Amino acid sequence: MSDQRPVVLVTRRLPEAVEARLQRDYRAVLNGTDALYDPATLPQHCEGADAVLPCPTDRLDAAVIAALPASVKAIATFSVGYDHIDLAAAKARGIIVTNTPDVLTAATADIAMLLILAAARGAHSAEALLRMGGWQAWAPTGQLGLEVTGKRLGIFGMGRIGRAVAKRARGFDMAIHYTDTNPVAAEDEAGAVYHASAEAMLPHCDVLSLHCPLTPETRRFLNAERIALLPERAVVVNTARGGIVDDEALIAALKSGRLAAAGLDVYDGEPRFHQGYLALENAVLLPHIGSATVETRNAMGFTALDNLDAVFAGREPPNRVA
Ligand code: NAP
């Protein structure tokens, strides 16, 4: 009897348990080498596939989606962000798009908190000093950072991750300010101060943490004009998407000391990124590891598969974005 299971093209190597479930329930076309697909060739690789399971490293723009074979019914991305997928083009072709919210919230909020602390305290440069043999002795005036306790944290985008960061920061006695497209429910606000615009919030942010999606409205949100609204020596953290920041403006503000420090997990055009960051001692730089825990990456894979299972059972997938 022929194998009737749907064919799923998986663009990257996934955690072992996720690939095992994929192979159990689908005719999975896996990527054993984990090499990145050239977006232009993705439609050819999808020949005969019923669904694609891509990652944020794949660019499914309008041209790629238009070229996908008619057999493709769903795109189940292994990420909560979907700025790498042209949703309108997918909708126009009747292709369902799903993402993996919630399961990566805690891990990503942890990395935001880690960056807030590391940037404020200069953990990376202190560690580099020690590793390079430059540590002479404990010094009353050495390696002085900024205290986060009692400071104001501004959250741009009080969604799942923004709220989880606020929760963590309350544990450090930080006062929470936020802006979003709308105020959140009182229980989610938990005493945070809502500002109707970013411009109204920025002067209150000793630390600014970005948690909105990358959209045409948020692209280059943090530019020179908005940096100028932050208090002197503020700290900026970005675990959302690199394109939300104007790199030239952020680098200039870090270089001049207008901003005390920055912590970045994501970069415009990554994995290439503005090389100006490398020369800055006051920038903590991580290579997009927000969701990178064993538990979370497994959960992201299982969530993507839950979505595909629903699609192929004729049910509404739990995390449909288009
Ligand atoms: P979410 O729950 O949708 O939260 C995003 C929030 O931003 C929503 O409340 C949204 O409001 C708000 N927002 C949208 N546009 C805005 C604007 N122009 N101004 C102000 N607020 C705006 O998403 P999430 O799960 O927290 O994830 C947030 C982002 O984090 C993702 O999109 C992804 O890019 C990034 N991320 C990064 C990593 C990493 O590894 N570093 C991991 C996970 C996620 P509305 O709902 O009203 O639009």
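Note that the structure is a prediction, hence the values are computed from the model and not measured.

*Asks:* Is there a simple way to explain the sheet that holds strand β3 (residues 51-53) in this structure?
*Replies:* Paired through backbone hydrogen bonds, the strands of a sheet run either parallel or antiparallel to each other. Ordered by their spatial adjacency, five strands build an open sheet running β2-β1-β3-β4-β5, and the pairing between neighbours is parallel. Of all strands in the sheet, those with a lone pairing partner are β2 (27-29) and β5 (96-98), marking the two edges. Between one strand axis and the next, the sheet turns through 20° on average, direction left out of account. Judged from the two bridges that link them, β3 and strand β4 (residues 74-76) form a sheet pairing that is parallel. In the sheet register, A51 faces β4, and the bridge partner there is A74.

*Asks:* Honestly, helix α11 (residues 247-256) in this entry has me stumped. Any pointers?
*Replies:* Along α11, the residues that are buried comprise D247, A249, L250, I251, A253 and L254. Along its buried surface, α11 packs onto α10 (224-227), β10 (234-238), β11 (259-264) and β12 (283-285). For α11, the capping residue at the N-terminal end is D246, with a side-chain oxygen 3.2 Å from the backbone nitrogen of E248. Positive phi shows up at G257, right after α11, with a value of about 90°.

*Asks:* Where do I start with the pattern of salt bridges in this structure?
*Replies:* Note that side chains of opposite charge can pair when their charged atoms are close. For the coordinates displayed, the defined rule picks out 16 salt bridges. For D3, the salt bridge goes to R5, with nearest N and O atoms at 2.8 Å. Residues joined by salt bridges that share partners form a network here, namely R21, D306 and D309.

*Asks:* Please explain unusual backbone geometry as it appears in this structure.
*Replies:* Peptide bonds are trans in most cases, and residues, glycine excluded, mostly fall at negative phi. For the peptide bond that leads from E270 to P271, omega is 15°, which places it in the cis range. When you line up the elements, P271 lands in the loop between β11 and β12. One non-glycine residue, R220, lies in the positive phi region at around 55°. Mapped onto the fold, R220 is located in the loop between β9 (207-210) and α10. According to the relative accessible area criterion, R220 is partly exposed, its value standing at 38%.

*Asks:* I keep staring at the domain arrangement of the protein chain and nothing clicks. Help me out?
*Replies:* Reports of interface size often rely on the accessible area that becomes lost once the parts have come together. Taken domain by domain, the protein chain consists of domain 1 (7-103 + 294-312) and domain 2 (105-285). Here domain 1 and domain 2 have C-alpha centroids that lie 31 Å from each other. In this complex, domain 1 contributes eight residues to the contact, which on the side of domain 2 involves five residues. Across the domain 1 to domain 2 interface the summed buried area is about 570 Å²; carbon plus sulfur atoms make up 46%. Applying the counting criterion to the domain 1 and domain 2 interface returns one salt bridge.

Conventions adopted
- Residue positions are given per chain, counted from 1 along the sequence in the order it is written.
- Since the coordinates come from a predicted model, pLDDT governs what is reported: local features require at least 70, and pairs of side-chain atoms require 80 or more to be given and counted, while whole-chain, interface and lining totals use all residues.
- Working from all heavy atoms in the structure, the side-chain values ignore hydrogens and water.
- If DSSP finds at least two bridges between two strands, the strands pair.
- For helices the rule is a DSSP run of H or I covering at least 4 residues; for strands it is a run of E covering at least 2, with both sets numbered from the N terminus onward.
- Here an angle of 0 to 180 degrees is reported between the N-to-C directions of two axes, which are lines fitted to C-alpha atoms, with helices fitted over the stretch in contact.
- Exposure is judged per residue with a 1.4 Å probe applied to protein chains only, and the accessible area is read against the type maximum: over 50% gives exposed, under 20% gives buried, and values in between give partly exposed.
- Residue contacts follow a heavy-atom distance rule, with two residues in contact if any of their heavy atoms lie within 4.5 Å.
- Think of a polar contact as two N or O atoms within 3.5 Å of one another; within protein, one of them needs to be a possible hydrogen donor and the other a possible acceptor, and neighboring residues in sequence only count if both atoms come from side chains.
- Whenever a carboxyl oxygen of Asp or Glu lies within 4 Å of a side-chain nitrogen of Lys or Arg, that contact is scored as a salt bridge.
- Domain limits in this description derive from either an automatic procedure or a database domain assignment.
- Note on terms: buried area is the combined drop in 1.4 Å-probe accessible area of two parts once they are placed together, counting the loss on both.

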